Amino acid sequence: MQTTLTTYTVQQICEDFEYNELEGKGLFGLAGKLTIQPEYQRSYIYLGTPSETAVITSLLKGYPLGLIYFNRLDDGRLEVLDGQQRITSFGRYVTGKFAIIDGNGNPHYFDALPSDQQDLILNSKILVYECEGKETEIKEWFKTINIKGIPLNEQELRNAIYSGPFVTAGKAVFSNSTSNSNLDKWRTFVKGAPNRQEIWETALRWVSEDKIDDYMSLHRHDTGITEVKSYFDAVLDWASRVFTTTRAEMCGLDWGRLYRTYHHKSYSATSVDTDVVALYGDPYVTNKSGVFEYVLGGQTDLKLLQIRVFDKPTRITAYTKQTKDAKDRNTSNCPLCAIGPSPNNTKLWPLSEMDADHISAWSTGGATVTFNCQMLCSTHNKAKGNH
C-alpha cells in the first residue's frame, strides 16, 4: 500500500459539503470528490455531543485535529478512511447545522462569528495521508488506525470488512434512528443503539444463528436484505403475540434463540400473561428475565428463575423426613452434627433452630427444589456458607 502526505484546508474539504439529516451522516466534500462516510465507516456518533463542539473549539484555538486518512480509488476519487467524525463535525458547523455555546450560554452559529474567526476555521490546515492499495490492504489499515479514540465495535468492523450493497441495504433499514417508525417496537425487545449498528447486529445474529461473519460473507454482494428483515420481523411479531404485556426485562433477551426453540408450540396469550404476572409477584423469583423462557418451556426449568430461598412447605417436608430418619438411626437430624464427634451428634433440633440449605450449591447451579434441600442446624449452616 502506498501513502502520500498532503494538506487541505477546512474550506477545501467543505466545498459542496453534504449532510444527510435523514440518515445522520456526512456524504460528500471536496467539491463532490470526497465520500465522507463510505459504507464500511460507522455512523456519525458525534451528533449533539461535546465531541462535536470540541472539534470547532480546537479549530478556533489553532489546535491540530490530528492526522486524517483518505483512500484514493482507481478513478481518482477519495473516501475517508479515518476522520469522518471530525470532518462531518466541521462540515456541519460551517454549513450552519449547529451552534457552539460560549461561556455565558450564548449560541454562536458559523455565519454569526466575526470574520476573523470564520477565516481561522476555514483556513485551518488538515493533514491528510492519502492511501492507495488493494481492498484487503485498505480494510486491514482501516481496522488498525481505528483502535484509538472511540473504538469500533464488532459490527462496525464487520461492516467495513464486508462492505458492499448488502451492508448498504442493512444500514438503511436498521441504522436510521431519526425516522424509523418501528424503533419503539424494536426497543421493547432489542437493546442497542442503531447508529452503532447494534440492532443490525442483532438482526444478523438471529437469522445466522450466531454465525454473523459467515452470513455476511455469503451475502456480501446481495442487493437487498429480505431474509434478514423477514426473519427479524417474524421473531418480534411472534414475541409480541405470545407476550402481550410489555415488560422492561424483555429487552435484550435472545429472542432469536427463543423463537427457534419455541415458535412451533401454541400458547394462549391470556394464560401466558397470567403466569407471568404470578411469577413476577413471587418473592422467591430473583431473575425476572428468566420468567419468559420458563413459561415458554412449560415451567420446568427452575434454574431460569434463580430461586434461592426454599419456601415453607419445602422446609417442613425436608425437616419431617430428616427427623424421622434420624430417630430411626438414633442420630441428630442435622446431617453435619450426626457425622461428627460433637456432643450434638444425637440431638434432634427443633425446626425453629434449623435452616434450609442447598445440597448442591445454588451458586454452582443447584436448584431450589425439594430433592436439593437439607435442613442444618443454624451453626453448621452458617459455617457451610455457599459450599
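Residues numbered from 1 in each chain as written. Predicted model: local features only at pLDDT ≥ 70, side-chain atom pairs only at ≥ 80, totals over all residues. Heavy atoms only, no water.

1. Topic: the overall build of the chain
In step 1: Scanning the chain from terminus to terminus reveals 17 helices and 11 strands.
In step 2: Counting over 387 residues, the chain shows a buried share of 45%.
In step 3: The contacts of the chain with a sequence gap of at least 6 include a subset with a gap of at least 24, amounting to 63%.
In step 4: Side-chain charges of the chain comprise 41 positive and 46 negative groups, with the mean position of each set lying 8 Å from the other. (Helix = DSSP H or I, 4+ residues; strand = E, 2+ residues; numbered from the N terminus. Buried < 20%, exposed > 50% of the residue type's maximum accessible area, 1.4 Å probe, protein only. Contact = heavy atoms within 4.5 Å. Lys, Arg positive; Asp, Glu negative; His and termini not counted. Charge placed at Lys NZ, Arg CZ, Asp CG, Glu CD.)

2. Quick notes on the pattern of salt bridges
In step 1: Applying the stated criterion across every chain yields a total of 15 salt bridges.
In step 2: One continuous salt-bridge network, built from bridges that share partners, spans Glu154, Arg158, Glu201, Arg205, Asp210 and Asp213. (Salt bridge = Lys/Arg side-chain N within 4 Å of Asp/Glu carboxyl O.)

3. Some thoughts on the packing of aromatic side chains
In step 1: Applying the stated criterion across every chain yields a total of 20 aromatic pairs.
In step 2: Judged by centre distance (5.5 Å) and plane angle (85°), the ring pair of tyrosine 231 and tyrosine 259 falls under edge-to-face. One end of the pair, tyrosine 231, is in helix H11 (residues 226-242); the other, tyrosine 259, is in helix H12 (residues 255-262), and 28 residues separate them in sequence.
In step 3: Between the NZ or CZ atom of arginine 247 and the centre of the ring of tyrosine 280, over which it lies, the distance is 4.5 Å. (Phe/Tyr/Trp six-rings, centres within 6.5 Å; stacked < 30°, edge-to-face > 60°. Lys NZ or Arg CZ within 6 Å of the ring centre and 35° of its normal.)

4. Some thoughts on the nonpolar core
In step 1: Counting 46 residues, the largest nonpolar core has Phe174, Val228, Phe232, Trp238, Phe243 and Trp255 as the members making the most contacts within it.
In step 2: Broken down by element, this core gets its largest block of residues, eight residues, from H11.
In step 3: The residues touching phenylalanine 232, leaving out its near neighbours within four places in the chain, are Phe174, Trp186, Val190, Ile199, Ala203 and Trp206.
In step 4: Grouped together as the second largest cluster of nonpolar side chains are 32 residues, Leu30, Tyr93, Ile121 and Leu122 included. (Core = buried A, V, L, I, M, F, W, Y, C linked by side-chain atoms within 4.5 Å.)

5. Quick notes on the side chain of glutamate 52
In step 1: With respect to the helices and strands, glutamate 52 occurs in helix H2 (residues 50-60).
In step 2: Residue class for glutamate 52 comes out buried when judged on its relative accessible area of 3%.
In step 3: Residues within four places of glutamate 52 in sequence aside, it is in contact with Tyr44, Tyr46, Leu47, Ser89, Arg92 and Phe98.

6. Side note on the packing of helix H9 (residues 198-208) against H11
In step 1: Two elements in contact, H9 and H11, have axes separated by 9 Å at closest approach and are oriented at 90°. Considered as vectors, H9 and H11 are oriented roughly perpendicular to each other. Residues Ile199, Trp200, Ala203, Leu204, Trp206 and Val207 of H9 form the contact with H11, whose own contacting residues are Glu227, Val228, Tyr231, Phe232, Val235 and Leu236. (Axes fitted to C-alpha atoms, helices over the stretch in contact; angles between N-to-C directions. Parallel < 35°, antiparallel > 145°, perpendicular 65-115°, else oblique.)

7. Here's the deal with unusual backbone geometry
In step 1: Positioned with a positive phi, aspartate 16 is a non-glycine residue whose angle comes to about 60°.
In step 2: Aspartate 16 sits in the exposed class, given a relative accessible area of 51%.
In step 3: Within the chain, glutamine 197 stands out as a residue other than glycine whose phi angle is a positive 70°.
In step 4: With respect to the element layout, glutamine 197 can be found in the loop between helix H8 (183-189) and H9.

8. Remarks on the side chain of serine 124
In step 1: Checked against the element boundaries, serine 124 lands in the loop between helix H4 (115-122) and strand S9 (125-132).
In step 2: Apart from residues no more than four positions distant in its own chain, serine 124 is found in contact with Tyr8, Thr9, Val10 and Leu59.

9. Observations regarding the state of the cysteines
In step 1: Counting across every chain of the model gives zero disulfides.
In step 2: With no disulfide partner, cysteine 373 has as its closest neighbouring cysteine sulfur the one in cysteine 334, 13 Å distant.
In step 3: Residue classification places cysteine 373 among the buried positions, given a relative accessible area of 7%. (Disulfide = S-S within 2.5 Å.)

10. Looking at the environment of alanine 99
In step 1: With respect to the element layout, alanine 99 can be found in the loop between helix H3 (84-94) and strand S7 (100-101).
In step 2: Overall, the relative accessible area of 17% leaves alanine 99 in the buried class.
In step 3: When the C-alpha atoms of alanine 99 and leucine 218 are compared, they prove to be 44 Å apart, with 119 residues separating the residues in sequence.
In step 4: In contact with alanine 99, not counting residues within four places along its chain, are Tyr93, Pro107, His108 and Tyr109.

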